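The primary structure of each chain is shown beneath.
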Amino acid sequence: MHRVTLRSRNDFAEWRTMARALLLAGLTPDSVRFIDPDLPGDLFAEADLPLHPVTGRAVGTVPERFIALGKDAICHRDSDRFGLLYRLLWRLQKDKHILELRSDPDVAALDRRVSAVRRDAHKMTAFVRFRRIAGPSGQERFAAWFEPEHFVLEPTAPFFVRRFTAMNWAIVTPYASALWDGEALSFGPGGNKADVPAEDALEDTWRTYYASIFNPARLKVAMMKSEMPMKYWRNLPEAELIPSLIAGAKQAEDAMIAKQASIPPVRHARIAARQEIEPAPTDIKSLAEARAAVQECRRCPLYEMATQAVFGAGPVHAELMFVGEQPGDQEDLQGKPFVGPAGKVFDTALEKIGIDRTRVYVTNAVKHFKFEPRGKKRIHQRPNSGEIAACRFWVNLERDFVKPKVVVALGATAAQSLLGHSVTISRSRGQPIALEDGSTLFVTIHPSFLLRMVDRSAVEAERAQFEADLAQVRDFLAEHGGEDVKKAVH
Ligand code: URA
């Protein structure tokens, strides 16, 4: 057994230099033992192998993806991480597609470690709380104590540099500390909680902020604990409010309901009035005419801000129709549905399960982009029930002309448009629903849900479920005499 001692816990470059040398020497993974720098020395182990570090020069096959995953996995606390990476590197030399085999035990172990590290790094960006301390010559400095689960300080510190460039700050963790002096970022040894002052005036600001954003009507304790795991609470000033806010939530919710306005907001009245003024056109005889007419639609106020109406796209008699929510920023500019980030997620899923996008009709429940301008950005806003109802006319026209056998609602807005009432996606997905025109509806998530998920470790499972929903639709169509929407195999 050859022993390899690394100086750093989480320096992928150092591990990579060693691994190249091992690979070049032809040493199999089971003949090598990496020594975890955090574990006490092993008196009986053999001496370190004399290795000649290899840098720069290409040795073997190293896909980019392996490097990206490796940089995260090496920050995991598990002592086996160095060996696991070498085992995978070794196996990659024989099979360069091994990382795609999610069920392979080594690949699954890598995925788990990467997810845990990414989640921990994400939590760090959310839960570090700086306290003000006086510097040696009276200037302002800030320090924070944080206890990450893994060795994520080094990869996450640049985030704080970008966010707090103008401040001088230190983040102290049990295993290392990071220091930003306004110009350079440096790392030093770990410390103790007592190294960082416990209270300052900012604590009250955090508490006030938290109490003001806490919405008793949306309280879900389990979800809250998963977003803000209890292990972080002890270092969060606002966490001490949580028990009392939870205890008082019911009363606060009742008070909110009692206070609700009884007169509809003026905007709602305006929308209702417009709907009366703008009856639906009655003389549209084809999909092409509908496509032209929608540009004149004034049935709700969304046209006022949008660049254009975005109508559906795809074959006139497609047997499969997908309905999304509304165009996003890119779709609004290009005039085509699902061409932005959510479209990419959608396309990738279709490709994966073998549905040919050129053979399906893709549209939205609402044809104009609803957004709120914020600086140079246009922030997506969910359409309300009035807007969905006003636009249902256009979706129904598309369904009348295209006559799809199967319709897929991507998300809750589309489901509400197609069914006329709201549904819970988790309860409706996977079940064919008969529509009054003889077509069959399936409900699944909106692809942008995968982009918005905060818990990145859960994304892959959700993506797999989304793909399974699409595969079910593909098979249902094939079993019910649908023309083949499957991608041609070249
Ligand atoms: N989201 C949608 O629902 N539709 C689009 O076209 C783009 C994003």
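For the structure, check the block above.
Everything numeric in this text was worked out from a predicted model, so none of it was measured. (Residues numbered from 1 in each chain as written. Predicted model: local features only at pLDDT ≥ 70, side-chain atom pairs only at ≥ 80, totals over all residues. Heavy atoms only, no water.)

Trainee: How would you sum up the sheet that holds strand β8 (residues 320-324)? Please name residues and give values.
Mentor: If you trace the 5 strands from one edge of the open sheet to the other, you get β9-β8-β12-β14-β13, paired in mixed fashion. In this open sheet, the two strands that pair with only one neighbour each are β9 (361-364) and β13 (433-434). Sheet analysis places β13 next to strand β14 (residues 440-444), joined by 2 bridges and oriented antiparallel. Bridging from a neighbouring strand, Ala434 pairs with Thr440 of β14. On the sheet, helix α14 (residues 385-402) packs against β8 and β9 and is oriented at approximately 165 degrees with respect to β9. Its contacts with the sheet place helix α18 (residues 459-479) against β8, β12 (406-410) and β14, and it is angled at close to 170 degrees to β14. (Pairing = 2+ DSSP bridges. Helix = DSSP H or I, 4+ residues; strand = E, 2+ residues; numbered from the N terminus. Contact = heavy atoms within 4.5 Å. Axes fitted to C-alpha atoms, helices over the stretch in contact; angles between N-to-C directions.)

Trainee: So, the packing of aromatic side chains: which residues are in play, and what are the values?
Mentor: Note on aromatic pairs: each is described by the distance of the centres and the angle between the planes. Counting across every chain of the model gives 17 aromatic pairs. Between Phe338 and Phe346 the ring centres are 5.2 Å apart and the planes differ by 40 degrees, which places this aromatic pair in the tilted class. Assigned by exposure class, Phe338 and Phe346 land together as buried. Through pairs of rings, three or more aromatic residues link up here, namely Phe130, Phe159, Phe160, Phe164 and Trp169. Residue placement shows Arg9 over the ring face of Phe151; its charged tip is 5.4 Å from the ring centre. Its end group placed over the ring of Phe371, Arg378 keeps NZ or CZ at 4.9 Å from the ring centre. (Phe/Tyr/Trp six-rings, centres within 6.5 Å; stacked < 30°, edge-to-face > 60°. Buried < 20%, exposed > 50% of the residue type's maximum accessible area, 1.4 Å probe, protein only. Lys NZ or Arg CZ within 6 Å of the ring centre and 35° of its normal.)

Trainee: So what's going on with the site of the ligand? Which residues, and what values?
Mentor: The immediate surroundings of the ligand are formed by Gly324, Glu325, Gln326, Pro327, Gly328, Glu331, Pro337, Phe338, Asn364 and His446. Between a nitrogen atom of the ligand and a main-chain N or O atom of Gln326, the distance comes to 2.9 Å. His446 places a polar side-chain atom, nitrogen or oxygen, 2.6 Å from an oxygen atom of the ligand. Out of a free accessible area of 240 Å², the ligand has 93% covered by protein chains. Counting atoms within 2 Å of the grid points, the majority share of the ligand lands in the second largest pocket. Taken together, the residues of the shell around the ligand sort by class into 3 nonpolar, 5 polar and 2 charged. (Near = heavy atom within 4 Å. Polar contact = N/O pair within 3.5 Å; in protein donor to acceptor, adjacent residues only side chain to side chain. Areas by Shrake-Rupley, 256 points an atom, 1.4 Å probe, with all protein chains shown as cover. 1 Å grid on protein atoms, 1.4 Å probe; cavity = no way out; pocket = protein on both sides within 12 Å on 5 of 7 lines; lining within 4 Å. Sits in = over half its atoms within 2 Å of the grid points. Nonpolar A, V, L, I, M, F, W, Y, C, P; charged D, E, K, R; others polar.)

Trainee: I'd like to hear about the layout of surface pockets, residue by residue, with values.
Mentor: Taken as a whole, the second largest pocket holds about 880 Å³ of empty space. Along the wall of the second largest pocket there are 35 residues; nearest its centre are Glu325, His446, Ser448, Phe449 and Arg452. Mapped by element, the contributors of at least two residues to the lining of the second largest pocket are α12 (329-334), α13 (341-353), β11 (377-380), α15 (412-419), α16 (425-428) and α17 (448-452). Each residue belonging to the lining of the second largest pocket can be placed in one class, and the counts come to 14 nonpolar, 13 polar and 8 charged. (Points joined across faces, edges and corners; volume = space filled by probe spheres on them.)

Trainee: Can you break down the pattern of salt bridges residue by residue, with the values?
Mentor: A full pass over the atoms with the stated rule returns 24 salt bridges. For the salt bridge of Asp111 with Arg102, the shortest nitrogen-to-oxygen distance reads 2.8 Å. Looking at Arg102, the relative accessible area reads 41%, which means it is partly exposed. A salt bridge links Asp332 to Arg378; the shortest N-O distance between them is 2.9 Å. Separated by 46 residues along the polypeptide, Asp332 in helix α12 and Arg378 in strand β11 bring together distant segments of the chain. Given the relative accessible area of 0%, Asp332 is considered buried. (Salt bridge = Lys/Arg side-chain N within 4 Å of Asp/Glu carboxyl O.)

Trainee: Describe the environment of Gln295, with residues and values.
Mentor: With respect to the element layout, Gln295 can be found in the loop between α11 (287-293) and β8. Overall, Gln295 belongs to the partly exposed group, its relative accessible area being 32%. A C-alpha to C-alpha distance of 5.5 Å links Gln295 and Ala309, two positions 14 residues apart in sequence.

Trainee: Provide a residue-level description of empty space enclosed by the protein, including the pertinent values.
Mentor: The gaps of empty space that remain are located by a probe, the size of a water molecule, rolled over the atoms. According to the stated counting rule, one finds 1 cavity of 30 Å³ or more in the structure shown. Here the largest cavity is characterised by a volume of approximately 70 Å³. Forming the boundary of the largest cavity are Cys297, Arg299, Cys300, Leu302, Val366, Lys367, His368, Ala390, Cys391 and Trp394. Taken together, the residues of the lining of the largest cavity break down into 7 nonpolar, 1 polar and 2 charged.

Trainee: Give a detailed account of the pairing of β12, specifying residues and quantitative values.
Mentor: The buried count for β12 comes to 5 of 5 residues, which makes it a mostly enclosed element. Taking every second residue as pointing to the same face, both faces of β12 are buried, with Val406, Val408 and Leu410 on one and Val407 and Ala409 on the other. In this sheet, β12 lies alongside β8 in parallel orientation, the contact comprising 4 bridges. Residue pairing in the sheet places Met321 in a bridge with Val407 of β12. Bridge count between β12 and β14: 5 bridges; the pairing is parallel. Across the sheet, the residue bridging to Ala409 is Val443, located in β14.

Geometry only, nothing functional implied.
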